[in-house]
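Inside the fold
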Amino acid sequence: MTPSARQMWGRYRACHPYAPEAPYECFHFCDNREDADMCADLVVSGIKRATAASVAELELSGMRQPVVGDVSIVTRWDGEAVAVIRTTHVEIRRLDDVDEAFAMREGEGDKTLAWWRQAHEAYYRRALAGSGITVDGDLLIVCEQFELAL
């Protein structure tokens, strides 16, 4: 964790004494600075309230799937902590079954399902490149919803 993330986690734990010693994860969204920083800003402004990793990318990185109640720190690309979020809902869906409501809750781009599909399919292809995993309508997606906790 970066110094700003440790400080933010300390503030969160001071308000929530039963919080775990460490967050579920301390992370930035996306795989590039521009999108990561934009998503961080969307979380802080209350627009972004969901995210969607593929089951395969979580497995490849050795991470467990999120569960309701998990608390995480969102950072900008450079590691500067900007928010604490709490997972409120998790659902596994096929890529083809992600709907307009979820795309809107993610809050990115023009908030349409068409934009969401284009951007996320491109991301999944990059994230899973070289793994032998096919990015198609059957790819399993962890549709995670969250609320701003700090």
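Residues numbered from 1 in each chain as written. Predicted model: local features only at pLDDT ≥ 70, side-chain atom pairs only at ≥ 80, totals over all residues. Heavy atoms only, no water.

**Observations concerning the pattern of salt bridges**
When charged atoms on two side chains of opposite charge get close, those side chains can pair. How we decide: Each reported salt bridge corresponds to a side-chain nitrogen of Lys or Arg within 4 Å of a carboxyl oxygen of Asp or Glu. Numbering of helices and strands runs from the N terminus, with a helix taken as a DSSP run of H or I at least four residues long and a strand as a DSSP run of E at least two residues long. We call a residue buried when its accessible area falls under 20% of the maximum for its residue type, exposed when it is over 50%, and partly exposed in between, using a 1.4 Å probe and counting protein chains only.
Per the stated rule, a full pass over the model turns up 12 salt bridges. Across the salt bridge formed by Glu147 and Arg86, the nearest N and O atoms sit 2.4 Å from each other. Taken together, the residues span a long stretch of sequence, with Glu147 in strand E5 (residues 140–148) and Arg86 in strand E4 (residues 81–94) at a distance of 61 residues. Here Arg93 and Asp99 are joined by a salt bridge, their closest N and O atoms 3.2 Å apart. Judged by relative accessible area, Asp99 falls into the partly exposed class, the value being 31%. Here the salt bridges do not stand alone but share partners, grouping Arg94, Asp96, Asp97 and Asp138 into one network.

**Points about unusual backbone geometry**
One non-glycine residue, Cys30, adopts positive backbone phi at about 70°. On the secondary structure map, Cys30 appears in the loop between strand E1 (26–27) and helix H2 (33–44). For Cys30, a relative accessible area of 27% corresponds to the partly exposed category. One non-glycine residue, Lys111, adopts positive backbone phi at about 70°. Accessibility expressed as a relative area gives 31% for Lys111, which makes it partly exposed.

**Thoughts on the packing of aromatic side chains**
Note the following rule: Only Phe, Tyr and Trp rings are paired, with Trp represented by its six-membered ring, and only when their centres lie within 6.5 Å; those with planes under 30 degrees apart are stacked, over 60 edge-to-face, the remainder tilted. Placement of a positive charge over a ring is assigned whenever Lys NZ or Arg CZ falls within 6 Å of the ring centre and within 35 degrees of the normal to the ring plane.
On inspection of all chains with the given rule, the structure shows 5 aromatic pairs. Pairing Trp9 with Tyr12 gives two aromatic rings, centres 5.1 Å apart and planes at 25°, and the pair type is stacked. Highlighted residues: Trp9 and Tyr12, both in helix H1 (residues 3–15), separated by 3 residues, approximately one helical turn. We classify Tyr12 as buried; its relative accessible area is 4%. Above the ring of Phe29, the side-chain terminus of Lys48 is found at 4.8 Å from the ring centroid.

**What about H2?**
Stated precisely, the cut-off is as follows: A helix's residues, less one, multiplied by 1.5 Å, set its expected span. Whether two residues are in contact is decided by their heavy atoms, any of which lying within 4.5 Å being enough.
Look at H2: 17 Å from first C-alpha to last across 12 residues, which is about the 16 Å you get at 1.5 Å a residue. Buried within H2 are the following residues: Ala36, Asp37, Cys39, Ala40, Leu42 and Val43. Of the surrounding elements, those touching the buried residues of H2 are strand E3 (71–75), E4 and E5. Looking at the residues trailing H2, positive phi occurs at Gly46, about 85°.

**A few points about the pairing of strand E2 (residues 50–54)**
To be explicit about the condition: A strand pair is defined by DSSP finding two or more bridges across the two strands.
In terms of residue burial, E2 counts as a mostly covered element, since 5 of its 5 residues are buried. Side chains Ala50, Ala52 and Ser54 project from E2 onto one buried face, and the interleaved Thr51 and Ala53 project onto a second face that is buried too. Bridging between E2 and E5 involves 5 bridges; their strand directions are antiparallel. The partner of Ala53 across the bridge, within E5, is Val142.

**Quick notes on helix H5 (residues 113–127)**
Put simply, the rule reads: This arc is built from the directions going out from the helix axis to the C-beta atoms.
The first and last C-alpha atoms of H5 sit 20 Å apart over 15 residues, in line with the 21 Å expected at 1.5 Å per residue. Taken together, the buried positions of H5 are Leu113, Trp116, Arg117, His120, Tyr123 and Tyr124. The buried residues of H5 occupy an angular sector of 145° when the element is viewed end-on, so they sit on one face. Facing away from the buried side of H5 by over 90 degrees, the exposed positions are Ala114 and Gln118.

Keep in mind that these numbers describe shape and distance, not what the molecule does.
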